[in-house]
Amino acid sequence: MTSPNSAGTPDVLQGLNPAQKEAVETIDGPLLIIAGPGSGKTRVITHRIAYLVRDCRVNPRRIMAVTFTNKAAREMRNRMDRLVGPRGESLTMGTFHSFCARMLRMDGGYLGLPTNYTIYDGDDQLSTIKQAMELAELDPKRNPPQAVRSVISKAKSLLQDSQAVSKFASSYFEEVCGRVYHHYEEILARNNALDFDDLLMKAVLLLQDSEEVREDYQRRYQYLMVDEFQDTNVAQYKLAQLLAGGHRNICVVGDPDQSIYSWRSADIRNILSFQRDYPDAKTVSLEQNYRSTGVILEAAKSLISANGMRLDKDLFTENSQGAPLVVHEAYDVEDEASFVVNEVDRLVRQERFQPGDCAVMYRVNAQSRAMEEACLHRGMKYRLVGGVRFYQRREVKDLMAYLRLLHNPMDEVSLARVIGVPPRGVGAKSMQDLVAWAQRQEIPLFTAMQRIAESKKGAPPETVEQAPLSSRAATAIARFADMIDGLIKQSEQLHIVDLINLALEETGFRTFIQNSDDRPDERWENILELRNTAREFNAEAPRDGLASMLERLALVADVDGYEETEEAMTLITLHQAKGLEFPVVFMVGMEEGLLPHSRSMESEEEIEEERRLCYVGVTRAQQRVYLLRAFRRGFFGASGPTKASRFLQEIPAHLFAKPLTAQGPATHRRPSIDDYESPDPLSPRMPTPVKNQPPATVRPTLKTGDYVRHTTFGEGVVMECVATGADHEVTVEFSNGVGVKKLLLSYAPLERVEG
DNA sequence: TCCTCATAACTTTTT
DNA sequence: GTTATGAGGA
């Protein structure tokens, strides 16, 4: 196809390789783009949109691009600005979740959904599930709410309702989940709330049920693009299909080798389904890597080739070979961290890297602590992505809960959260009585509070049952209800920032924070920061600003706030690093049990996902890769020897540098491959795991029937001892009435005694 | 009702 | 070493 608009403006096809060009020019009908790491995927997407707008004269309003994070959307929008100018503003760009949230706010009425619904995050979800379990009279000890949540979430992502879960339950636990799910839905409906999965599920429902709405969206969006398609779940794919239902101009971009979210119900099989659902789909593979050196790409390729279930790709690069990989075995975590900081320091002083060029990637957030400490100690600036998240901080969540309550007074999770912040004489007991009373009368909790307030003002509540509360509690509740009512009235008049200011005063929250002995300044700063974010919504009409702000804040991820800087190195989890690139990457904790993680070693599928995670890490790097491991790692208190990650063995030895200590004198230029001696196997300090050797544990493995002594539980007999990843879970029956306990061998203060 | 202190259980990744 | 929960005292 030739460009219909060949005159003027620089060609959007310029500088693209043949595969990229083909992807950009294929605009009609279904298209699958398989994009290897560093293959210019974002470039292809943005140029494709620019091609549609500039060359094919498609109104940008009719194009939707869905990305994985808000940050990716923002970045894409910036690039679009450069390519198509201000017209790009009318493009629809965002995450599935944000798109659905907006759609439901506009058209959710068809499903009986009010516009002022609240979005529940994982924590809210969990407390609602606990509530639902209470209702179903289930023991949270036997049925961990976390596990129930994940089952419910998985079901929703497969578009299954509670009936389906109950019907197809294949175990007692799943049956329990079905029951909880049912109650959970009732509570959500009563609270006028949706969880993350609901946003997708209800949106699908809406498009399926209402022909009018469906056709409306199908007409509007003539071209649809989905990025990171390998990480979409069934609901998201369904949604995309519905949106593309009319014109079938659906383009999905992804890389099965970078699928790392199956635990969040992402389904790589969507790629296969796509080819099945759209047999006429064209497939384009982007295989040339522009990001990494030859060495890095080769390492990544050999690593990923160990995966069985895979579409083989032929990645290549024209970049130079570059420096070999560096493996370093540190003694412990501190040593590992200080090696990284030293090395960054050296790279900055002796080569022309900036600290901002460097990223440290790890499997679990807990690993960031050691790195942070080393950085603080050495005065190295760093940026921590994620970690203790801003929006997870208590005071931030408290203020958010107040705002959510003003937005939607039916939201009982928020209500329960703020009633005691600051303490105002309404404790657990009163709340329990109040909830029971409200339930008996079948009125919302907040309405019950309002009734109490009214009866205090003299309205004789003869027709209603008297609330079973102490007069003290009743007074406190009445005052609270009046205060919230007053704020809700004000929310009609005030712009968001003024509303926040008023709420901070009226609720007593400001004084509470500022007079508390727990870091009052820091916590107040956080409140101010939140208020600062609110300014962005201050231009909107009073109630709308509140709604938009809450919607946005419910759907932000922490990577979203990530901005590059020159002088600070980045600390980030492997998951969050997806889609980013850095000149230098340090991967720490290359150990069995961490990468692959001990909780993901049960099946080959899980191992393969861990391997993909490792692959994602390595392929983030442009020039240098360091693979680190600690010989000893502490899990909390106790520390034990570790075993090198199997992934280290899957990278060909000739790609590694000699151990650092054996390297020549420091140079003042960027070293080239010639500075290193000929290929050398792994460092001698890197123990090669011997096959069939049991994982190293601190103590010998116990077996059934062994007698043991525990520092606190006393003596007992081993009932069972099963391997869980790198560790062992021991079930011990203790005497002296202590009973049966399950303990983890690596840290339980347990010793064997002769029976 | 609220706060303090002790202890138990636990650390995967997140829209 | 943390965070969630519970008992007991003010």
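Residues numbered from 1 in each chain as written. Chains lettered and ligands numbered in written order. Predicted model: local features only at pLDDT ≥ 70, side-chain atom pairs only at ≥ 80, totals over all residues. Heavy atoms only, no water.

Quick look at the pairing of strand β7 (residues 250–254)
Here is step 1: With 5 of 5 residues buried, β7 lies mostly within the body of the structure.
Here is step 2: Neither face of β7 is open: one carries Ile-250, Val-252 and Gly-254, the other Cys-251 and Val-253, and all of them are buried.
Here is step 3: For strand β1 (residues 31–35) and β7, the ladder comprises 4 bridges, and the chain directions are parallel. The residue bridging Leu-32 from the neighbouring strand is Val-252, located in β7.
Here is step 4: One ladder, built from 3 bridges, connects strand β6 (residues 223–226) with β7; its direction is parallel. Residue pairing in the sheet places Met-225 in a bridge with Cys-251 of β7.
Here is step 5: The parallel pair β6 and β7, bridged by helix α11 (residues 234–243), forms a crossover whose chirality is right-handed. (Buried < 20%, exposed > 50% of the residue type's maximum accessible area, 1.4 Å probe, protein only. Helix = DSSP H or I, 4+ residues; strand = E, 2+ residues; numbered from the N terminus. Pairing = 2+ DSSP bridges. Right-handed = clockwise from strand over helix to strand, strands pointing away.)

Points about the packing of helix α9 (residues 196–209) against α11
Here is step 1: Here α9 crosses α11 at 30 degrees, and the two axes come no closer than 9 Å. The angle between the axes of α9 and α11 places the two elements in the roughly parallel class. Two packed elements cross with a definite hand, and for α9 against α11 that hand is left-handed. Together, Leu-200, Ala-203, Val-204, Leu-207 and Gln-208 of α9 and Ala-235, Gln-236, Lys-238, Leu-239, Leu-242 and Leu-243 of α11 make up the contact between the two elements.
Here is step 2: Looking at the contact of α9 with α11 residue by residue, the classes come out as 8 nonpolar, 2 polar and 1 charged. (Axes fitted to C-alpha atoms, helices over the stretch in contact; angles between N-to-C directions. Parallel < 35°, antiparallel > 145°, perpendicular 65-115°, else oblique. Left-handed = near helix turned anticlockwise from the far one by under 90°. Contact = heavy atoms within 4.5 Å. Nonpolar A, V, L, I, M, F, W, Y, C, P; charged D, E, K, R; others polar.)

Some thoughts on the state of the cysteines
Here is step 1: Per the counting criterion, the structure on display carries 0 disulfides.
Here is step 2: In this structure Cys-100 is not part of a disulfide, and its nearest cysteine sulfur, from Cys-251, lies 19 Å away.
Here is step 3: Looking at the unpaired Cys-358, the closest cysteine sulfur is the one in Cys-375, lying at 11 Å.
Here is step 4: When its relative accessible area of 0% is taken as the criterion, Cys-358 is described as buried. (Disulfide = S-S within 2.5 Å.)

Structural notes on helix α6 (residues 145–157)
Here is step 1: In this model, α6 (13 residues) spans 18 Å end to end at C-alpha, consistent with the 18 Å of a helix rising 1.5 Å per residue.
Here is step 2: Taken together, the buried positions of α6 are Pro-145, Val-148, Arg-149, Ile-152, Ser-153, Ala-155, Lys-156 and Ser-157.
Here is step 3: After α6 finishes, the residue Leu-159 shows a positive phi value of roughly 65 degrees. (Expected span 1.5 Å × (residues − 1).)

Observations regarding the packing of aromatic side chains
Here is step 1: This structure, assessed with the given rule, holds 13 aromatic pairs.
Here is step 2: Geometrically, the ring pair formed by Phe-229 and Tyr-237 is edge-to-face, given 5.6 Å between the ring centres and 75 degrees between the ring planes.
Here is step 3: Judged by centre distance (4.4 Å) and plane angle (15 degrees), the rings of Phe-586 and Tyr-626 are stacked. Highlighted residues: Phe-586 in strand β15 (residues 582–587) and Tyr-626 in strand β16 (residues 621–630), separated in sequence by 40 residues.
Here is step 4: The class of Phe-586 is buried, set by a relative accessible area of 0%.
Here is step 5: Here Tyr-626 falls in the buried class, since its relative accessible area comes to 2%.
Here is step 6: Among the aromatic residues, ring-to-ring pairing joins Phe-229, Tyr-237, Phe-274 and Tyr-278 into one connected group.
Here is step 7: In this arrangement the basic side chain of Arg-264 is found over the ring face of Tyr-261, its NZ or CZ atom lying 4.9 Å from the centre.
Here is step 8: The cationic tip of Lys-578 hangs over the ring face of Phe-68; the distance from NZ or CZ to the ring centre is 3.9 Å. (Phe/Tyr/Trp six-rings, centres within 6.5 Å; stacked < 30°, edge-to-face > 60°. Lys NZ or Arg CZ within 6 Å of the ring centre and 35° of its normal.)

Quick word on the nonpolar core
Here is step 1: One finds Leu-434, Met-449, Phe-480, Ile-484 and Met-549 to be the most contacted residues of the largest nonpolar core, which totals 53 residues.
Here is step 2: Among the elements that line this core, the one with the most residues is helix α20 (residues 471–493), at 10 residues.
Here is step 3: Apart from residues lying up to four places away in sequence, Phe-480 is in contact with Leu-405, Leu-415, Val-418, Ile-419, Arg-424 and Met-449.
Here is step 4: Phe-99, Val-213, Tyr-221 and Val-226 belong to the second largest nonpolar core, which has 41 residues in total. (Core = buried A, V, L, I, M, F, W, Y, C linked by side-chain atoms within 4.5 Å.)

Looking at the sheet that holds strand β14 (residues 569–573)
Here is step 1: Here 6 strands make up an open sheet; going across it, the order is β11-β16-β15-β12-β14-β13 and the pairing parallel. Of all strands in the sheet, those bounded by a partner on one side alone are β11 (326–330) and β13 (382–384). Taking the axes of each pair of neighbouring strands and ignoring which way they run, one obtains an average angle of 20 degrees across the sheet.
Here is step 2: Across the face of the sheet, helix α14 (residues 333–350) comes into contact with β11, β12 (358–362), β14, β15 and β16 while running at roughly 155 degrees to β16.

Looking at the pattern of salt bridges
Here is step 1: According to the stated counting rule, one finds 41 salt bridges in the structure shown.
Here is step 2: A salt bridge links Lys-41 to Asp-227, with the shortest nitrogen-to-oxygen separation between them at 3.3 Å. A residue pair is termed long-range when its members are at least 10 positions apart, and Lys-41 in helix α2 (residues 41–55) and Asp-227 in the loop between β6 and α11 qualify at 186 residues.
Here is step 3: Overall, Asp-227 belongs to the buried group, its relative accessible area being 9%. (Salt bridge = Lys/Arg side-chain N within 4 Å of Asp/Glu carboxyl O.)

Some thoughts on the pairing of β6
Here is step 1: What you see with β6 is no split at all: Tyr-223 and Met-225 on one side and Leu-224 and Val-226 on the other are buried throughout.
Here is step 2: Across 4 bridges, the pairing between strand β2 (residues 63–67) and β6 is parallel. Each residue of the ladder has a partner; that of Ile-63, found in β6, is Tyr-223.

Some words on the environment of Pro-542
Here is step 1: By the element assignment, Pro-542 lies in helix α24 (residues 542–554).
Here is step 2: Accessibility expressed as a relative area gives 16% for Pro-542, which makes it buried.
Here is step 3: For the pair Pro-542 and Gln-493, spaced 49 residues apart in sequence, the C-alpha separation works out to 6.0 Å.
Here is step 4: If near-sequence neighbours (up to four positions away) are discounted, Pro-542 is found in contact with Ser-491, Glu-492, Gln-493, Leu-494 and His-495.

What to know about the sheet that holds β6
Here is step 1: Spatial ordering of the open sheet is given by β3-β2-β6-β7-β1-β8, a layout of 6 strands whose pairing is parallel. Among the strands making up the open sheet, the edge pair consists of β3 (92–95) and β8 (282–286). The sheet shows a mean angle of 15 degrees between the axes of neighbouring strands, direction not considered.
Here is step 2: Pairing geometry for β1 and β8, over 5 bridges, is parallel. Residue Ala-35 lies in a different strand from β8, and its bridge partner there is Leu-286.
Here is step 3: Lying on the sheet, helix α12 (residues 269–277) is in contact with β1, β7 and β8; it crosses β1 at an angle near 150 degrees.

Focus: the packing of helix α16 (residues 394–407) against α24
Here is step 1: At a closest axis distance of 10 Å, the pairing of α16 and α24 adopts a crossing angle of 130 degrees. The orientation of α16 with respect to α24, classified from their angle, is oblique. Crossing hand, α16 versus α24: left-handed. Listed contacts from α24 to Met-400, Leu-403, Arg-404, Leu-406 and His-407 of α16 are Arg-543, Leu-546, Ala-547, Met-549, Leu-550 and Leu-553.
Here is step 2: Among the residues making up the contact of α16 with α24, the classes are represented as 8 nonpolar, 1 polar and 2 charged.

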